[in-house]
Amino acid sequence: MTETLAETTTEAEEPLAAFPMPRAAGCPFAPAPAARALQGERPITKVRLWDGSTPWLVTRHADQRALLGDPRVSADPLVPGFPHANEGFRENAKRRRTFLGMDDPEHARIRRMVTAPFAIKRVEAMRPDIQKITDDLIDTMLAGPTPVDLVRAFALPLPSLVICRLLGVPYEDHDFFQEHSARLINMEASVEEVLRANEALTDYLDKLVTVKLADPADDMLSELAARVRAGELTQREAASMGVLLLIAGHETTANMIALGTVALLEHPDQLAALRETDDPKAVARAVEELLRYLSIVHNGRRRVALEDIEIGGETIRAGDGIVIYTGTGNWDAEVFPEPERLDISRDARRHMAFGFGVHQCLGQPLARLELQVVYSTLYRRIPTLRLATAIDQLPFKHDGAIYGVYELPVTW
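Below you will find a few notes about this structure.

This part is about the environment of Gly 327. The residue Gly 327 is located in helix α15 (residues 326–329) in this model. Remark: the alpha-carbon pair of Gly 327 and Trp 412, spanning 85 residues in sequence, is separated by 32 Å. Discounting residues that sit within four places of it in the chain, Gly 327 has contacts with Pro 31 and Ser 295.

If you want it as structure tokens, here you go:
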């Protein structure tokens, strides 16, 4: 991955910066300083990617929302000009097409097939189960030795257990799917590694769909199997949707749990305020602020223009790639005053941690619920929780499409 800011020019004498850009060395929670500088100087500008292509980098909140909500902008990675994150992602997109990479009306048709389980009322009904999973994992940690890796003992198993129950995936297979999921979203994995991981996961879910066709249960894979039986999906399409839901259902939330814990431990006043409140609305506000502050999707949301678009004083031409770096949008001072300050009392609801527009994250009600339960339980039950190593010794996921920490040694 390119980690330096390099300058050159296009035929139009536009400055180009290499993207992705590294996060701040002194503040691992902040978006890339180079991107923040561009936000103030040239909020829509060309950047250079790994393959020499020069898409537009969009760093301002208002422009990002406008483009993510514009039907003239496509999420289809097969459209010429789409700014792929690396060669592995490009080759994988050719083999595994999901509704994330489709445009309406096809996108809406497929997405509707998996919307119902993530409806707010249905998700809220899961709160007691998620609370029990949370408490059981904390009980196990408290009964064991310290220090403990919070990622392995708590942050990763909690959302994995939840999504496995929702999908109908055996949790005892978690080592398999966690290993391949991590490889699939690793920005530094080779093309061969990405494709092998994709094939292994798709084969695994394909076999589970076969099981659900013969013996359906009350879970999402059984619902997808019913779509296969009705001729609305092929079995391979159902398996690919299962892969997407499985990865998205545990990787993002696991990283938010661990990285959010680091951020709160580094801001003890905010941690104390969160630990001491019993107001669900205050906890919900804290979750939104942490989602804004951390912006764990840190390699940009990728799009391509289908028509010429005038925006922010620039003309994005049809066929131009677009990289929407929501990290800077979530730190836009015009929307979030003093964005570098973690303030759990802030109204951060306009953040774009879940994206914006028709491709907004389907599972956000579930992610919010899991984070609300975790953030209102973990620090109260372990009030002396602290890092067991210096923050600059933590292995941050600079090489992942999803930001977080690989390990989090804690004690109490």
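So, next bit.
Attention now moves to unusual backbone geometry. The residue after Phe 19, namely Pro 20, is reached through a cis peptide bond having omega 10°. Structurally, the position occupied by Pro 20 is in the loop between β1 (17–18) and α1 (33–41). Cis geometry is found at the peptide bond from Thr 146 to Pro 147, where omega equals 0°. One can find Pro 147 in the loop between α6 (127–143) and β5 (148–149). The phi dihedral of Ser 295 is positive, around 40°, even though this residue is not glycine. Position of Ser 295 relative to the elements: it lies in the loop between α14 (280–294) and β6 (301–305).

This part is about the state of the cysteines. All chains considered together, the criterion is met by zero disulfides. Free of any disulfide, Cys 164 has its nearest neighbouring cysteine sulfur in Cys 361, separated by 17 Å. For Cys 361, a relative accessible area of 31% puts it in the partly exposed group.

Here the focus is the sheet that holds β5. One open sheet holds the three strands; their spatial order is β5-β11-β10, and the pairing between them is antiparallel. Every other strand in the sheet has two partners, leaving β5 and β10 (386–387) as the edge strands with one partner each. Relative to strand β11 (residues 409–411), β10 is paired through two bridges, and the arrangement is antiparallel. Counted as the bridge partner of Arg 386 is Thr 411 from β11.

Once that is clear, we can look at the sheet that holds β1. Pairing is mixed across the open sheet formed by six strands, whose spatial order is β1-β2-β3-β9-β6-β4. Unpaired on one side and paired on the other, β1 and β4 (73–74) mark the two borders of the sheet. By the bridge criterion, two bridges tie β4 to β6 in an arrangement that is antiparallel. The residue bridging Ser 74 from the neighbouring strand is Val 304, located in β6. Helix α2 (residues 61–68) rests against β2 (44–48), β3 (56–58), β4, β6 and β9 (321–324) of the sheet, and its axis sits at about 125° to β9.

Their axes nearest at 10 Å, the elements α6 and helix α8 (residues 157–167) cross at an angle of 145°. As α6 packs across α8, the resulting crossing turns out to be right-handed. Touching Ile 130, Ile 133, Thr 134 and Leu 137 of α6 are Pro 157, Leu 158, Leu 161, Val 162 and Arg 165, all from α8. The residue makeup of the contact of α6 with α8, split by class, is seven nonpolar, one polar and one charged.

Attention now moves to the side chain of Asp 332. Its location among the elements puts Asp 332 in the loop between α15 and α16 (364–381). No salt bridge is formed by the buried Asp 332; the nearest opposite charge belongs to Arg 60, separated by 5.6 Å. A distance of 3.0 Å separates a polar atom in the side chain of Asp 332 from the backbone nitrogen of Glu 334. Non-local contacts of Asp 332, meaning those with residues more than four positions away in its chain, are made with Gln 39, Arg 60 and His 61.

Considering the arrangement of structural elements, one finds Pro 28 in the loop between β1 and α1. Distance from Pro 28 to Tyr 403, taken between C-alpha atoms, is 9.9 Å for residues 375 residues apart in sequence.

For the rest of this paragraph, the subject is the packing of helix α12 (residues 235–265) against α14. When two helices pack together, you describe them by how their axes are tilted relative to each other and by the distance separating the axes. Packing of α12 against α14 brings their axes to within 11 Å, and their N-to-C directions diverge by 90°. On the basis of the axis angle, α12 is roughly perpendicular to α14. The residues of α14 that touch α12, namely those facing Met 256, Leu 259, Gly 260, Ala 263 and Leu 264, are Leu 290, Leu 291, Tyr 293 and Leu 294. Of the residues contributing to the contact of α12 with α14, the split by class is eight nonpolar, one polar and no charged.

With that out of the way, let us pick up the nonpolar core. Membership of the largest hydrophobic core comes to 103 residues, with the highest contact counts inside it found for Phe 154, Val 169, Leu 205, Leu 294, Tyr 375, Leu 378 and Leu 408. Ranked by the residues each element gives to this core, the list is headed by α12, at 17 residues. In contact with Leu 378, other than residues within four places in its own chain, are Ile 138, Met 141, Leu 150, Phe 154, Thr 261 and Leu 385.

This part covers the side chain of Thr 411. Inspection of the secondary structure puts Thr 411 in strand β11. Contact partners of Thr 411, with chain neighbours within four places excluded, come to Thr 146, Pro 147, Thr 384, Leu 385, Arg 386 and Ala 388.

Turning our attention to the pattern of salt bridges. Opposite charge on two side chains allows them to pair when their charged atoms are near. One pass over the full model with this rule turns up 24 salt bridges. Measuring nitrogen to oxygen at the nearest pair gives 3.9 Å for the salt bridge that ties Glu 87 to Arg 90. Here Arg 90 and Glu 87 lie together in helix α3 (residues 87–95), a separation of three residues that amounts to about one turn. The partly exposed category is assigned to Glu 87, whose relative accessible area is 39%. When the shortest N-O distance is used, the salt bridge between Glu 91 and Arg 95 registers 3.5 Å. Of this pair, Glu 91 and Arg 95 are both found in helix α3, four residues apart, which corresponds to roughly one turn of the helix.

What counts and how
Residues numbered from 1 in each chain as written. Predicted model: local features only at pLDDT ≥ 70, side-chain atom pairs only at ≥ 80, totals over all residues. Heavy atoms only, no water. Helix = DSSP H or I, 4+ residues; strand = E, 2+ residues; numbered from the N terminus. Contact = heavy atoms within 4.5 Å. Disulfide = S-S within 2.5 Å. Buried < 20%, exposed > 50% of the residue type's maximum accessible area, 1.4 Å probe, protein only. Pairing = 2+ DSSP bridges. Axes fitted to C-alpha atoms, helices over the stretch in contact; angles between N-to-C directions. Left-handed = near helix turned anticlockwise from the far one by under 90°. Nonpolar A, V, L, I, M, F, W, Y, C, P; charged D, E, K, R; others polar. Lys, Arg positive; Asp, Glu negative; His and termini not counted. Salt bridge = Lys/Arg side-chain N within 4 Å of Asp/Glu carboxyl O. Polar contact = N/O pair within 3.5 Å; in protein donor to acceptor, adjacent residues only side chain to side chain. Parallel < 35°, antiparallel > 145°, perpendicular 65-115°, else oblique. Core = buried A, V, L, I, M, F, W, Y, C linked by side-chain atoms within 4.5 Å.

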